[in-house]
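Residue-level listing of the chains:
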Amino acid sequence: MKLNIVTYPDKKLKQKSAKVENFDTRLAELLDSMYPLMMETNGIGLAAIQVGYATQALILNIPDKDDIQTIDNLVEMINPVITSKKGETVYQEGCLSVPTFYEDITRFEEVSVNFQDRQGNTKTLEANGLLAIAIQHEIDHLSGVLFIDKLSYSRRKKFEKEYKKMLKEKKNSK
Ligand code: Y12
Ligand code: CO
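This text gives an overview of the structure that appears in the document. (Residues numbered from 1 in each chain as written. Chains lettered and ligands numbered in written order. Predicted model: local features only at pLDDT ≥ 70, side-chain atom pairs only at ≥ 80, totals over all residues. Heavy atoms only, no water.)

Section: the side chain of Gln56
Next up, step 1: By the element assignment, Gln56 lies in the loop between strand E1 (45-47) and strand E2 (57-61).
Next up, step 2: Among the residues examined, Gln56 registers a relative accessible area of 18% and is labelled buried.
Next up, step 3: Side-chain polar atoms of Gln56 contact the backbone oxygen of Ser17, separated by 3.1 Å.
Next up, step 4: For Gln56, the contacting residues outside a window of four places in its chain are Ser17, Ala18, Lys19, Val20, Met77, Ile78, Asn79, Pro80 and Leu142. (Helix = DSSP H or I, 4+ residues; strand = E, 2+ residues; numbered from the N terminus. Buried < 20%, exposed > 50% of the residue type's maximum accessible area, 1.4 Å probe, protein only. Polar contact = N/O pair within 3.5 Å; in protein donor to acceptor, adjacent residues only side chain to side chain. Contact = heavy atoms within 4.5 Å.)

So this is what it looks like as structure tokens:
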């Protein structure tokens with residue numbers, strides 16, 4: 001399955017993703033195609049809506065202590081729901097759908113999440129650190145929320161101006 005990253009300001013990113021009901025080969029194919037794309041683009045998290053599929057599926061691959069991403073640390077979450085959250089943390093986030101832009105975002109420090117795997121088995125994961133941040137960022141995508149939606153009015157204005165300029169420069173360099 002050939003996939004491309006959907007980038008802001010594409011309206012598709014505002015779409016709410018539907019719950020996965022069928023744990024079939026189409027779901028497996030989608031997940032299998034999302035992984036190489038995420039690795040090629042230096043991502044650590046990717047939601048299905050970012051490749052144009054409004055379905056509640058996401059993948060995460062947090063680098064290890066040596067800053068290496070291995071498939072052993074790949075997490076696939078279907079129909080994830082955060083069931084508890086604790087604390088507060090600030091991290092400079094980026095998103096493959098909002099290239100070249102990074103901003104400090106406040107998130108819960110620890111989260112517990114219920115989800116299903118690609119076979120439909122129910123799982124629970126307790127996460128902290130970068131994994132907890134990535135989970136919240138990716139689950140937001142399933143509701144059509146981007147990290148830039150969490151910026152203050154003035155920071156958002158500044159972003160829109162800079163992003164527009166970046167898109168224009170990119171277009172002119174082609
Ligand atoms: C902490 C904060 C955010 C997340 C969500 C997942 N975000 C990403 O995976 C972001 C990846 C990213 C990669 C980039 O590199 C390339 O595109 C080659 C990038 O740089 C540019 O766009 C130039 C920006 C973001 C998880 C945890
Ligand atoms: Co994102």
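Looking at the environment of Gln50
Next up, step 1: Here Gln50 shows up in the loop between E1 and E2.
Next up, step 2: Looking at Gln50, the relative accessible area reads 1%, which means it is buried.
Next up, step 3: Taking C-alpha positions, Gln50 is 12 Å from Ser33, a pair spaced 17 residues apart along the chain.
Next up, step 4: Those residues in contact with Gln50 that sit more than four places away from it in its chain are Asn4, Ile5, Val6, Leu13, Gly45, Cys95, Leu96, Ser97, Glu138 and His141.

Focus: the coordination of the cobalt ion (ligand 2)
Next up, step 1: Listed as protein donors to the cobalt ion (ligand 2) are Cys95 (SG), His137 (NE2) and His141 (NE2); their distances from the metal cover 2.0 to 2.2 Å.
Next up, step 2: Donor residues for the cobalt ion (ligand 2) sit on one chain with the sequence pattern C-x41-H-x3-H. With Cys95 in the loop between strand E4 (89-93) and strand E5 (103-107) and His141 in helix H2 (residues 129-142), this pair connects stretches of sequence that are 46 residues apart.
Next up, step 3: Since its relative accessible area comes to 10%, Cys95 is described here as buried. (Donors = N, O, S within 2.8 Å, 3.2 Å for Na, K, Ca; no water.)

Description of helix H3 (residues 153-172)
Next up, step 1: Along its 20 residues, H3 runs 29 Å from first to last C-alpha, staying within 8% of the 28 Å computed at 1.5 Å per residue.
Next up, step 2: The set of residues buried in H3 consists of Phe159, Tyr163 and Met166. Down the axis of H3, the sector holding all buried residues measures 60 degrees, keeping them to one side. Exposed residues on H3 whose side chains face more than 90 degrees from its buried face are Tyr153, Ser154, Lys158, Lys161, Lys164, Lys165, Lys168, Lys171 and Asn172. (Expected span 1.5 Å × (residues − 1). Arc of directions from axis to C-beta.)

A few points about the pairing of strand E6 (residues 110-116)
Next up, step 1: Counted residue by residue, E6 has 5 buried out of 7 residues, so it is predominantly covered.
Next up, step 2: Pairing geometry for E6 and strand E7 (residues 122-128), over 7 bridges, is antiparallel. Along E7, the bridge assignment pairs Phe115 with Lys123.
Next up, step 3: Following E6, the chain reverses through 5 residues before pairing antiparallel with E7; Gly120 in that reversal takes a positive phi of roughly 95 degrees. (Pairing = 2+ DSSP bridges.)

Focus on the site of ligand 1
Next up, step 1: Around ligand 1 lies a shell of 18 residues, among which Thr41, Ile44, Gly94, Thr100 and Tyr102 are the nearest.
Next up, step 2: Take Gly45: an N or O atom from its main chain is 3.4 Å from an oxygen atom of ligand 1.
Next up, step 3: Contacts to ligand 1 include Thr100, whose backbone N or O atom sits 2.9 Å from an oxygen atom.
Next up, step 4: Out of a free accessible area of 620 Å², ligand 1 has 78% covered by protein chains.
Next up, step 5: When residues of the shell around ligand 1 are traced back to their parent elements, those giving at least two are E4 and H2. (Near = heavy atom within 4 Å. Areas by Shrake-Rupley, 256 points an atom, 1.4 Å probe, with all protein chains shown as cover.)

Distances and angles like these do not, on their own, reveal function.
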